[in-house]
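So the chains spell out like this:
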Amino acid sequence: MRKFTILMLAISFIFGCTEHSTTETKYNKVSKLATAETEQKIQDILSQMTLKEKAGQMINLGLPAVLQGKYWDKRRSVNFDTARFKKYIVDYAIGSIHNTPRYPALPKEWNYIVKTIQDAAMQKTRLGIPVLYGIDNIHGANYVMGSVLFPHQIAIAATWNTEMSKICGEVTSYESRAASLPWNFNPNADVAMNPIWGRISESFGEDPYLISEMTAAYIEGSQQNGLDDSLSTAVCVKHFLGYGAGRNGKDRANATIPENYLKQYYLPPFEKAIESGAMGVMVSSNAINGLPCHINKHVITDVLKGEMGFKGVVISDFSDVEFLTAAHLSIEDKKTATKMTVNAGLDLLMNPYDCDVVDYIIELVKEGEIPMSRVDDAVTRILRMKFYLNLFEKPYNNHEDFTEVGGKKHVELNYQSACEAITLLKNDSLNGQAILPLKNNKRVLVTGYTANSINLLNGAWSRSFSGADTKYNDPSKLTILDAIKAELGANNVQYVEGTNYLEDINTSKAVQLAKNVDYIIVCVGEKTASEKPSDINELPLPEVQQELVKKLAATNKPIIMVMAQGRPRIINDIEPLVDGILMAYYPGQEGGRAISDIIFGKVNPSGKLPYTYPKYTGNMVSYYHKKTDIRAADWSYNGFYRQYDFGFGLSYTSFAYSNLKIASDTVSGKQELTFSFDISNTGQRDGKEAVQAYIKDMFAIISPDSKRLVRFDKVDLKAGETKTIEFTLNWNDLAHVGINNEWIVEKGDFELQIGGNSNDVLTKKFYYKE
């Protein structure tokens with residue numbers, strides 16, 4: 001691990017040297033109830049608990065297990081099954097619940113659900129311990145009907161503005177708490193190096209530093225004034241560890257990751273999350289080097305709880321104890337799987353259908369297979385989170401106190417985040433003038449798979465798991481087509497579907513209509529999906545959608561292509577055929593309006609890619625590759641074939657970087673290095689620029705990365721304005737994991753790079769000596 005001197009000092013200050021030490025001062029930012037008094041209350045409760053009560057706290061049950069009907073039945077209302085409710089909530093006194101009633105409930109309905117559960121748990125069980133309710137509110141409080149649906153995380157990362165991530169966390173927290181949902185299974189801190197992975201849309205991209213900063217900002221927004229505040233939610237950072245590194249790019253696939261790569265690329269976002277006060281961590285469903293993460297004691301207990309000092313709750317993912325036998329084939333029976341997960345360090349087992357794992361834990365403790373100390377540690381962590389959230393005093397909220405759910409203020413913040421995310425990738429000149437922005441007195445054809453669907457803008461986790469169910473859509477929200485009609489007037493807009501995701505509908509009709517318009521806006525992209533349903537076998541944009549673009553290009557009309565998709569689908573065949581390209585990602589409910597406002601110039605785009613956009617399927621390489629990764633067939637080192645660089649994005653104005661200065665050309669030991677540069681808006685309109693700073697280690701025994709992002713900021717500049725930006729680097733920014741799997745800095749030359757993307761940079765060298 002990175003040398004944890006600073007982190008461990010902080011954690012000892014937070015939690016004290018013992019479980020009973022004061023947690024005042026710094027950790028008050030997480031909860032004002034992080035005190036020695038709380039720790040004593042936890043021990044008092046623990047001392048009174050039976051083994052069955054302790055084991056009951058260690059299960060996270062699915063809500064449908066206590067409702068009438070079968071677990072996966074679709075419902076339109078909540079009706080508790082009296083017998084199962086009593087069995088699980090009262091008799092087993094379960095510790096936690098997750099999931100929805102199988103439809104997105106209104107805040108009033110959610111409050112009924114949570115109140116019914118909490119009243120039973122606190123009034124009808126012997127010790128009156130409240131239940132911890134967790135939910136996957138991934139891009140806004142997506143399972144709370146009437147909430148705003150933000151852009152997905154990949155789009156928030158594209159803003160390169162940590163304030164946008166903080167706002168997303170804050171609004172999501174408020175609208176979740178309106179429904180009395182105190183624990184959110186988010187943010188996603190996975191490092192997504194493989195662009196074919198479907199859940200890249202739910203991540204902050206490929207760069208560990210960008211992910212770390214966006215994750216920390218989301219946590220800050222979620223926790224606001226402390227977890228004891230009724231507006232705050234606890235986060236559950238996921239997926240620990242290496243979930244985004246599946247060797248074949250598929251969901252839950254085995255990842256092959258050497259120890260130094262784990263430490264250098266995959267652990268830092270989780271370190272940052274814990275430093276920021278995350279109280280929940282969800283373990284990844286995959287395996288690393290063949291060992292399923294759920295039974296990897298080294299990463300859970302030694303690293304996460306030991307070296308990183310995590311004192312919160314470690315939870316399994318959905319049914320992953322069972323999957324150890326059914327999917328990984330690591331263990332023959334579920335009882336043994338339960339033993340191995342608990343002994344590896346799992347505190348809370350997400351076992352959706354019943355309480356069999358509770359019975360197993362009881363048996364295993366009695367048989368001496370699980371130490372009571374391990375159970376006590378797990379229950380202590382679970383009770384700690386419940387106390388920090390003030391659930392013992394306020395187990396649910398009054399939804400009527402939350403008047404801003406889906407309101408004007410939150411809608412505007414959602415719109416702003418979409419506007420800052422959308423990335424202009426191409427803007428060719430026609431007759432000496434850039435094609436975008438378009439004037440609003442033109443006739444346009446709007447066509448393509450994503451042109452007239454709010455679902456395809458929202459993506460997965462939008463009222464339903466897949467996000468594809470149209471019956472939950474808000475009719476007031478505008479598709480891309482709707483928004484363009486609102487801008488130009490319906491008479492100036494022609495529309496035809498063109499294609500669906502994989503099949504032609506009426507491309508020939510689109511070609512006919514194109515002959516009578518000034519511009520074509522073709523909207524392409526992906527279907528809504530997450531987890532296994534998001535798996536694909538080929539990264540190129542589906543052929544039928546590419547054919548639509550090719551046939552439209554034959555009309556010789558100017559084309560603007562809008563891509564609504566989580567992944568960077570390969571477009572090298574059609575990119576030369578279009579004049580302008582917007583990457584919209586999954587921009588959420590306000591995405592149609594934001595796309596239209598960028599096309600017609602009401603908004604100046606400022607998004608930048610949070611991943612390297614590949615040009616070929618056989619050359620999907622991140623920007624921080626090794627030099628040998630890009631050796632070409634002609635033996636040159638020109639084999640980094642990307643469509644667009646990491647950090648790339650255009651604007652309707654122009655920016656110039658100059659005057660790069662460093663405080664010293666030599667750094668030694670733990671000295672900091674300050675540098676500055678000027679950024680100027682050299683265009684005719686105001687704009688925002690994501691300034692980026694990279695470090696390149698010129699030589700190291702472990703082959704160095706081509707460069708690494710170390711600082712960034714989103715800078716607002718008026719036309720003609722110049723600002724001086726100053727950053728300070730420290731030893732950690734220069735360090736890498738060396739041959740002995742320790743963080744080191746080797747003496748030698750480094751290159752500082754600054755610019756508006758990872759390729760177009762100003763540089764200065766400096767020397768590091770030990």
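The structure this text deals with has already been given above.
In every chain, residue numbers begin from 1 and rise along the written sequence. Selection of residues for local features in this predicted model requires a pLDDT of at least 70, selection of side-chain atom pairs for listing and counting requires 80 or more, and totals for whole chains, interfaces and linings are taken over all residues. The side-chain values count all of the structure's non-hydrogen atoms but skip hydrogen atoms and water molecules.

**Concerning the packing of aromatic side chains**
Consideration 1: Note on aromatic contacts: the rings of Phe and Tyr and the six-membered ring of Trp form a pair at centre separations within 6.5 Å, being stacked when their planes are under 30 degrees apart, edge-to-face when over 60 apart, and tilted otherwise. The final tally for this structure, using the stated rule, is 33 aromatic pairs.
Consideration 2: With 6.1 Å between their ring centres and 90° between their planes, Phe318 and Tyr353 make a pair best called edge-to-face. You can see Phe318 sitting in the loop between strand 10 (313-315) and helix 12 (320-326) and its partner Tyr353 sitting in the loop between strand 11 (349-350) and helix 14 (356-366), a full 35 residues away along the chain.
Consideration 3: We classify Phe318 as buried; its relative accessible area is 19%.
Consideration 4: Since its relative accessible area comes to 35%, Tyr353 is described here as partly exposed.
Consideration 5: A ring pair is formed by Phe387 and Phe392, whose centres lie 4.0 Å apart and whose planes are at 15°; its orientation type is stacked. Each member of the pair, Phe387 as well as Phe392, is classed as buried. What counts as a helix is a DSSP run of H or I of at least four residues, what counts as a strand is a run of E of at least two, and both are numbered from the N terminus. Think of it in three bands: residues with accessible area under 20% of the maximum for their type are buried, residues over 50% are exposed, and the middle band is partly exposed, with areas taken using a 1.4 Å probe on protein chains only.

**Section: the pairing of strand 12 (residues 423-427)**
Consideration 1: Counting buried positions along strand 12 gives 5 out of 5 residues, so the element sits mostly inside the fold.
Consideration 2: Pairing of strand 12 with strand 19 (residues 580-583), which is carried by 4 bridges, proceeds in the antiparallel orientation. When the bridges of strand 19 are listed, Lys426 appears paired with Ile581. Should DSSP find at least two bridges between two strands, the strands are taken to pair.

**Overview of the sheet that holds strand 22 (residues 655-662)**
Consideration 1: With antiparallel pairing, the 3 strands of this open sheet are ordered in space as 22-24-27. The strands lining the two open edges of the sheet, one partner per strand, are strand 22 and strand 27 (722-729). The sheet shows a mean angle of 20° between the axes of neighbouring strands, taken without regard to direction.
Consideration 2: In terms of strand pairing, strand 24 (residues 673-681) meets strand 27 through 8 bridges, oriented antiparallel. Only the stretch in contact is used when a helix axis is fitted, and all axes are lines through C-alpha atoms; the angle between N-to-C directions ranges over 0 to 180 degrees.

**Quick notes on the sheet that holds strand 15 (residues 444-447)**
Consideration 1: Across the sheet, 6 strands lie side by side as 12-19-18-17-15-16; this open sheet has mixed pairing. Only two strands of the sheet have a single neighbouring strand rather than two, namely strand 12 and strand 16 (493-496). Mean inter-strand twist for the sheet, computed between neighbouring axes without regard to direction, equals 15°.
Consideration 2: Against the sheet, helix 18 (residues 480-488) touches strand 15, strand 16, strand 17 (519-525) and strand 18 (559-564), its axis set at about 165° to strand 16.
Consideration 3: Against the sheet, helix 19 (residues 507-514) makes contact with strand 15, strand 16 and strand 17, and its axis sits at roughly 165° relative to strand 16, the strand it touches most. Only heavy atoms enter the contact rule, under which two residues are in contact if any of them lie within 4.5 Å.

**Focus on the pairing of strand 7 (residues 280-283)**
The side chains of a regular strand alternate, first on one face of the sheet and then on the other.
Consideration 1: Residues Gly280 and Met282 of strand 7 are buried on one face, and the alternating residues Val281 and Val283, pointing to the opposite face, are buried as well.
Consideration 2: The pairing of strand 7 with strand 10 spans 3 bridges and is parallel. Counterpart to Gly280 in the pairing with strand 10 is Val313.

Purely geometric numbers; function is a separate question.
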